[in-house]
Amino acid sequence: MPRLTWGDIRDGYIHITSAVAKTQQVRNIELDPTCSAWLDSTGAHDPSSPICPPDWLRRARAVRSRAGVHSLPDTPRHSYASYHLAKYKDVAGLKANLGHAPNSDTLFIHYRAAATPADAARFWAIVPPTQ
């Protein structure tokens, strides 16, 4: 989410404002301990500065290209949805986090079998190196 700033992350949540949300739905997303560890590992930041560097999309595309992956849109969001659902099994909570309508069947169609609980355990265990 290139529009998020470090000031949007506080009190254990990512605070999504209507200005940031693709669907203009305001919501608070509770941070998983793994996500918090990665964010904390980057050090202190000015609350008004963006979380993603300005050239993040270009750099991500370059990495995917070098890996031979040419079409993989919105990878962080899809990974989050797949592994969060496999770990927590909370469809309603995940829909709220993603900004999906309560009656949406997107999660059921695309994510219910995308990752196993074992996959999710390995994913959420990836933590930054300690200093």
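This report concerns the structure included in the present document. (Residues numbered from 1 in each chain as written. Predicted model: local features only at pLDDT ≥ 70, side-chain atom pairs only at ≥ 80, totals over all residues. Heavy atoms only, no water.)

Attention now goes to the packing of aromatic side chains. What the rule picks out here adds up to 3 aromatic pairs. Centroid distance Phe123 to Trp124: 5.1 Å. Interplanar angle 90 degrees. Geometry classified as edge-to-face. You can call Phe123 partly exposed: its relative accessible area is 27%. Residue classification places Trp124 among the buried residues on the basis of a relative accessible area of 10%. Counting every residue linked through ring pairs, the aromatic cluster contains Tyr80, Tyr83, Phe123 and Trp124. (Phe/Tyr/Trp six-rings, centres within 6.5 Å; stacked < 30°, edge-to-face > 60°. Buried < 20%, exposed > 50% of the residue type's maximum accessible area, 1.4 Å probe, protein only.)

Now for the pairing of strand β2 (residues 13–16). In this sheet, β2 lies alongside strand β1 (residues 9–10) in antiparallel orientation, the contact comprising 2 bridges. Bridge pairing in β2 links Arg10 to Tyr13. Between β1 and the antiparallel strand that follows it, β2, lie 2 residues; Asp11 among them carries a positive phi value of about 60 degrees. Alignment of β2 against strand β3 (residues 27–30), held across 4 bridges, turns out to be antiparallel. (Pairing = 2+ DSSP bridges. Helix = DSSP H or I, 4+ residues; strand = E, 2+ residues; numbered from the N terminus.)

All chains considered together, the criterion is met by 4 salt bridges. Between Arg58 and Asp55 there is a salt bridge, and its shortest N-O distance comes to 3.1 Å. The exposure class assigned to Arg58 is exposed, which follows from its relative accessible area of 52%. You can call Asp55 partly exposed: its relative accessible area is 28%. Each of Asp55, Arg58 and Arg59 takes part in a single network of salt bridges with overlapping partners. (Salt bridge = Lys/Arg side-chain N within 4 Å of Asp/Glu carboxyl O.)

Glancing now at the sheet that holds β3. Pairing between the strands of a sheet is mediated by backbone hydrogen bonds and can be parallel or antiparallel. Read across the sheet, 3 strands follow the order β1-β2-β3 without closing on themselves; strand pairing throughout is antiparallel. Strands with a single pairing partner mark the edges of an open sheet, and in this sheet they are β1 and β3.

A surface patch of nonpolar side chains, about 290 Å² in accessible area, is lined by Trp38, Ile126 and Val127. Tracing the chain through its elements places Ile126 in the segment after α6 (117–124). (Patch = residues over 30% accessible without salt bridge, like charges linked within 9 Å, V, L, I, M, F, W, Y side chains within 5 Å. Areas by Shrake-Rupley, 256 points an atom, 1.4 Å probe, with all protein chains shown as cover.)

This brings us to the environment of Ala86. Within the secondary structure, Ala86 is located in helix α3 (residues 75–88). The class of Ala86 is buried, set by a relative accessible area of 7%. Along the backbone, Ala86 and Ala114 are 28 residues apart, and their C-alpha atoms lie at a distance of 8.1 Å. Non-local contacts of Ala86, meaning those with residues more than four positions away in its chain, are made with Ala115, Thr116, Pro117 and Ala120. (Contact = heavy atoms within 4.5 Å.)

Honestly, that's just the spatial picture; any functional story needs more than this.
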